[in-house]
Amino acid sequence: MKPKIGQYYYAPRGRFFRIFQCDHVSETGYTGTPVMTENLCNTAEQARRRVYQLNGWNYKTR
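Structural notes, computed from the coordinates. (Residues numbered from 1 in each chain as written. Predicted model: local features only at pLDDT ≥ 70, side-chain atom pairs only at ≥ 80, totals over all residues. Heavy atoms only, no water.)

## Brief notes about the sheet that holds strand E3 (residues 30-34)
- Pairing is antiparallel across the open sheet formed by three strands, whose spatial order is E1-E2-E3. Of all strands in the sheet, those bounded by a partner on one side alone are strand E1 (8-13) and E3. This sheet shows a mean twist of 50 degrees between the axes of neighbouring strands, independent of strand direction.
- By the bridge criterion, five bridges tie strand E2 (residues 16-25) to E3 in an arrangement that is antiparallel. Looking at E3, one finds that Phe 20 is bridged to Pro 34. (Pairing = 2+ DSSP bridges. Helix = DSSP H or I, 4+ residues; strand = E, 2+ residues; numbered from the N terminus. Axes fitted to C-alpha atoms, helices over the stretch in contact; angles between N-to-C directions.)

Written out as structure tokens, the structure reads:
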């Protein structure tokens, strides 16, 4: 699922996960800017939880 403009998403960066905010969406992909005010996350689950909070979605554990 592609994020909409303004939504947050996470992606791996080295050993950590960084949170991004979507800037541009096209038919072939999307781009985003790193949110520098957010800390790097150690696990994908931690990043996922934070992205849900930032987007205002209800988080359910897997």
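Okay, back to it.
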